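The chain contents come next:
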Amino acid sequence: MTRYLYLARHGEATPNGHALTDDGRRQAALLGARLREVPFAAIHHGPLPRTTQTARLIGEHLPGVPLRACEAAGDYIPYVPREEELAPQYADRLLGFLAQFPADERERGPVLAAEAVRSFTGPVTEGTRHELVVTHNFLIGWLVRAALDAPEWRWLGINQCNAALTVIRYAPDRPSSVLVFNDMRHLPAALRWTGFPPELRE
């Protein structure tokens, strides 16, 4: 009754986010090759072009695995903290970052985040299930935070590189476990660390 949730951020995208770059397509194909032996039940992906393209490229290495687009795997703000939840030394910076996003996105995001938790996490009713979610940085941070029972605001600062892999295990009668986080070993050095701001790169 164990669920293994594989989380992957989309490959590197063009500046407007409408397509993958050549490097992004290579990243997605290499991730697909790494995952080809996993018995996935499904590949879920967000509706935006960069996640759709990434999922399709991964899926080429996983014949027979259905691709399922859903809003819950999309790009949104999962939670906006109150100022008093944050330490004073970085509250202004984090709240200023979130304020740049449209109000409707900040309001709808928590609804989608709750749906993602319902759809993608927790043990299953029978057997063992492997699922891949091709998504965006924010949702991966939110699901990792939830798996660790960290405070809700703590999704901020949990960053994932393009086409990196995170795996979470949900088993009955035990806490959820983050087995792998931001793993890029399937990528050559030149394709690693994309999607991170320069100050956070290795």
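Up top is the structure these notes are about.
Residues numbered from 1 in each chain as written. Predicted model: local features only at pLDDT ≥ 70, side-chain atom pairs only at ≥ 80, totals over all residues. Heavy atoms only, no water.

1. A look at the sheet that holds strand E6 (residues 177-183)
- Strand order in the open sheet formed by six strands is E3-E2-E4-E1-E5-E6, and the pairing between neighbours is mixed. One side of each edge strand has no neighbouring strand; the edge strands of this open sheet are strand E3 (67-69) and E6. Put simply, the sheet's adjacent strands are angled 20° from each other on average, direction ignored.
- Where strand E1 (residues 2-9) lies against strand E5 (residues 165-170), six bridges are found, and the strand directions are antiparallel. Bridge pairing in E5 places Tyr 6 opposite Val 167.
- Relative to the sheet, helix H5 (residues 137-147) contacts E1, strand E4 (128-135), E5 and E6, its axis offset from that of E1 by approximately 145°. (Pairing = 2+ DSSP bridges. Helix = DSSP H or I, 4+ residues; strand = E, 2+ residues; numbered from the N terminus. Axes fitted to C-alpha atoms, helices over the stretch in contact; angles between N-to-C directions. Contact = heavy atoms within 4.5 Å.)

2. Overview of the packing of aromatic side chains
- Counting across every chain of the model gives eight aromatic pairs.
- Ring centres of Tyr 6 and Phe 40 lie 4.9 Å apart, and the angle between their planes is 75°; on these two criteria the pair is classed as edge-to-face. Here the residue Tyr 6 occupies a position in strand E1, and Phe 40 occupies one in strand E2 (residues 40-45), the gap between them amounting to 34 residues.
- Aromatic pair Trp 193 and Phe 196: ring centres 5.3 Å apart, planes at 65°, arrangement edge-to-face.
- With relative accessibility at 10%, the residue Phe 196 sits in the buried group.
- Linked through ring pairs, Phe 97, Phe 101, Phe 138 and Trp 155 together constitute an aromatic cluster. (Phe/Tyr/Trp six-rings, centres within 6.5 Å; stacked < 30°, edge-to-face > 60°. Buried < 20%, exposed > 50% of the residue type's maximum accessible area, 1.4 Å probe, protein only.)

Taken by themselves, the reported measurements are silent on function.
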